[in-house]
Amino acid sequence: MSPHEVLEFAKKNDAKQLDLRFTDIPSLQHHVSYPISELDESSFEEGFGMDGSSIRGWAAIHESDMLLIPDPNTAFMDPFAEIPTLVMYGDVKDPITKQRYERDPRWIAQKAELYLKNSGVADAAYFGAEAEFFIFDNVSFDQNQHCGFYFIDAEEGRWNSGRRENNLGYRPRYKEGYFPVPPTDHYQDLRSEMVQTMIKCGIHIECHHHEVATGGQCEIDQRFDKLVKSADNMMLYKYIIRNVANQYGKTVTFMPKPLFQDNGSGMHCHQSLWKDGKPLFGGDGYAGLSQMALHYIGGLLKHARALSAIIAPTTNSYKRLVPGYEAPVNLAYSRRNRSAACRIPMYSASPKAKRVEFRPPDPAANPYLAFAAMLMAGMDGVINKIHPGEPLDKDIYDLSPEEMKSVPSMPGSLDEALHCLEEDHGFLMRGDVFTEELIETYIEYKRKNEAEAVRLRPHPYEFALYYDI
């Protein structure tokens, strides 16, 4: 929409409030609201003032004033607000220079799209992200000087010992939750309501289903879209899922690995490049791919260890990225094989359907940063013609130790991933998409507030292992 059309849209829907949203570096969405009378056409140029110093990883207190500029292309009516509320995503600017703020994740994603267009290689990058999640009834947790615990209560869990009724009939077994019909799939209606709400808000949904794990693991698949739009949609996707679940007394987590010895939640990302409305990844190479697509895979695999700090950005991510739970630990590519980091779906021979599915990302990732970083890695492969090596068309977990030595693997911890990003981030800085300052800030934040914070605290299992040693 144009600014004028947004105002007409607000009037048509009797909007009483304006809600502006933006995303911090660790991927938490924030918002600030105004009476709708505060919005006029000049607002789309002048913006609204905000304090950036209280946002994680953002400005210092002495440079905290910022502007939030509404993006008219993102307007929708909030489906959960009792008072009719117009929502838009905002772009962050410096009030003095009027320049975009370099730590705004959405700006980084927008710069990645600009870099792609300026390269001449392609003019559109399409991303289709499949974010999995768990639906729990209740979760409790705490950590202090003398106590640390968590407890999950799930209607669908094989344990559900925290519930008053303890009927364990029709509960998916561990690692056996894929596609069961109700009543084993407890959340068909809840997911359907999530989907209908997403459609109402303009998201194109392709399907939804129960996932492999017990305890209410689900997946709702969005149709692919251009990079920034797809990232916007992912933030809206999470907002809708959490709020629908909350209305029914449930709680949703996008934590990659909340349950021990069951499958974790991934965010497999389907990617393709297009130019002048034509797909560039279809060809007569391996699995029907073009040479460009293979080089794109080469870039993803070459930089995957550095990418891991952005696409699998939590200490918990590396409890998902372990062998035996359908997680892509090893860096290889293959058609159909879901144990490879890069998979080429074979559902259709159409050039328009040819894409690369990169499987290591998880839904804890900031979609703006993750999609931008993956595009930059793939583009490095295209520009420098990086060969991806030979495909691996067998189950990676059945390889002999000798064969495994030749297959590189993802990092084993967030600490290791951050070190990999320190060593390999030049590809992210091309076209000033990521800045050195942003990468340093990201690594420092993650290392101090997450990796070291977890490392310093006793783990409950350490008591089982060592208390009587």
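See the structure printed just above.
Summary of the structure given here. (Residues numbered from 1 in each chain as written. Predicted model: local features only at pLDDT ≥ 70, side-chain atom pairs only at ≥ 80, totals over all residues. Heavy atoms only, no water.)

### Let's talk about the packing of helix 6 (residues 291-302) against helix 9 (residues 367-383)
Item 1. It is at 6 Å that the axes of helix 6 and helix 9 come closest, and there the two elements cross at 120°. As judged from the angle between their axes, helix 6 and helix 9 are oblique. The element helix 6 and its partner helix 9 pack so that their crossing is right-handed. Facing M292, H295, Y296, G299, L300 and K302 of helix 6, the residues of helix 9 in contact are M374, L375, A377, G378, M379, D380, G381 and V382.
Item 2. Of the residues belonging to the contact of helix 6 with helix 9, the class tally is 8 nonpolar, 4 polar and 2 charged. (Axes fitted to C-alpha atoms, helices over the stretch in contact; angles between N-to-C directions. Helix = DSSP H or I, 4+ residues; strand = E, 2+ residues; numbered from the N terminus. Parallel < 35°, antiparallel > 145°, perpendicular 65-115°, else oblique. Left-handed = near helix turned anticlockwise from the far one by under 90°. Contact = heavy atoms within 4.5 Å. Nonpolar A, V, L, I, M, F, W, Y, C, P; charged D, E, K, R; others polar.)

### Here's the deal with a negative patch on the surface
Item 1. A grouping of E38, D40, E41, E45 and E46 is seen on the molecular surface, where their side chains present a negatively charged patch.
Item 2. Here D40 shows up in the loop between strand 2 (29-35) and helix 2 (43-46). (Patch = residues over 30% accessible without salt bridge, like charges linked within 9 Å, V, L, I, M, F, W, Y side chains within 5 Å. Areas by Shrake-Rupley, 256 points an atom, 1.4 Å probe, with all protein chains shown as cover. Salt bridge = Lys/Arg side-chain N within 4 Å of Asp/Glu carboxyl O. Lys, Arg positive; Asp, Glu negative; His and termini not counted. Charge placed at Lys NZ, Arg CZ, Asp CG, Glu CD.)

### Details of the pattern of salt bridges
One side chain can pair with another of opposite charge once the charged atoms of both are near each other.
Item 1. Applying the stated criterion across every chain yields a total of 20 salt bridges.
Item 2. Ionic pairing is found between R100 and D91, a salt bridge with its closest N-O pair at 3.3 Å. Comparing R100 with D91, the two get one shared label, buried.
Item 3. With a shortest N-O distance of 3.6 Å, R223 and E206 are connected by a salt bridge. Placement of the pair is R223 in the loop between strand 11 (217-222) and strand 12 (225-226) and E206 in strand 10 (residues 205-210), with a sequence separation of 17 residues.
Item 4. A single salt-bridge network, built from bridges that share partners, covers D71, D91, R100, D104, R106 and D232. (Buried < 20%, exposed > 50% of the residue type's maximum accessible area, 1.4 Å probe, protein only.)

### Details of the packing of aromatic side chains
Each aromatic ring pair is summarised here by two numbers: the centre-to-centre distance and the angle between the ring planes.
Item 1. By the definition in use, this model includes 12 aromatic pairs.
Item 2. Measuring from centroid to centroid gives 5.6 Å for Y126 and W274, while their planes differ by 70°, and the two rings are edge-to-face. Placement of the pair is Y126 in strand 7 (residues 124-136) and W274 in strand 14 (residues 267-275), with a sequence separation of 148 residues. One exposure class covers both Y126 and W274, and it is buried. (Phe/Tyr/Trp six-rings, centres within 6.5 Å; stacked < 30°, edge-to-face > 60°.)

### Notes on the pairing of strand 10
Item 1. In terms of strand pairing, strand 10 meets strand 11 through 5 bridges, oriented antiparallel. Each bridged residue has a counterpart across the sheet, and for H208 the counterpart in strand 11 is I220. (Pairing = 2+ DSSP bridges.)

### Points about helix 6
Item 1. The end-to-end C-alpha separation of helix 6 is 16 Å, in line with the 16 Å expected for 12 residues at 1.5 Å each.
Item 2. Taking burial as the measure, the 12 residues of helix 6 include 9 buried ones, the bulk of the element.
Item 3. Every buried residue of helix 6 is accounted for by A293, L294, H295, Y296, I297, G298, G299, L300 and L301. (Expected span 1.5 Å × (residues − 1).)

### Remarks on the pairing of strand 14
Item 1. In terms of residue burial, strand 14 counts as a mostly covered element, since 8 of its 9 residues are buried.
Item 2. Here strand 14 runs beside strand 18 (residues 356-358); their pairing, made up of 3 bridges, is antiparallel. Along strand 18, the bridge assignment pairs H270 with E357.
Item 3. Where strand 14 and strand 15 (residues 278-279) come together, 2 bridges link them in antiparallel fashion. Following the sheet pairing, K275 is matched in strand 15 by K278.
Item 4. Connecting strand 14 to the antiparallel partner strand 15 that follows it, the hairpin turn spans 2 residues, and D276 within it adopts a positive phi of roughly 55°.

### Quick word on the environment of F136
Item 1. For F136, the location among the structural elements is in strand 7.
Item 2. By relative accessible area, which is 3% here, F136 ends up buried.
Item 3. Separated by 80 residues in the primary sequence, F136 and G216 have C-alpha atoms spaced 6.6 Å apart.
Item 4. Ignoring sequence-local partners within four residues, the contact set of F136 consists of I152, D153, A154, G215, K250, T251, T253, P258 and L259.

### Quick word on the state of the cysteines
Item 1. Considering all chains together, one arrives at 0 disulfides under this definition.
Item 2. Summary of cysteine pairing: C201 is not part of a disulfide, and the nearest cysteine sulfur, belonging to C207, is at 19 Å.
Item 3. The class for C201 is buried, based on a relative accessible area of 12%. (Disulfide = S-S within 2.5 Å.)

### Concerning the nonpolar core
Item 1. One finds L86, F133, L273, F371, M374, L375 and F434 to be the most contacted residues of the largest nonpolar core, which totals 120 residues.
Item 2. Among the nonpolar cores identified, the runner-up in size contains 6 residues, and F134, F136, A213 and L259 belong to it. (Core = buried A, V, L, I, M, F, W, Y, C linked by side-chain atoms within 4.5 Å.)

### Observations concerning unusual backbone geometry
Item 1. Backbone torsion omega between P182 and P183 reads 10°, so that peptide bond is classified as cis.
Item 2. Within the element layout of this structure, P183 appears in the loop between strand 9 (148-153) and helix 4 (188-200).
Item 3. Even without being glycine, F179 reaches a positive phi, approximately 70°.
Item 4. By the secondary structure assignment, F179 is in the loop between strand 9 and helix 4.
Item 5. Although it is not a glycine, D276 adopts a positive phi angle of roughly 55°.
Item 6. Along the chain, the position of D276 falls in the loop between strand 14 and strand 15.
Item 7. For D276, a relative accessible area of 62% translates into the label exposed.

Shape is all these values report; function is a separate question.
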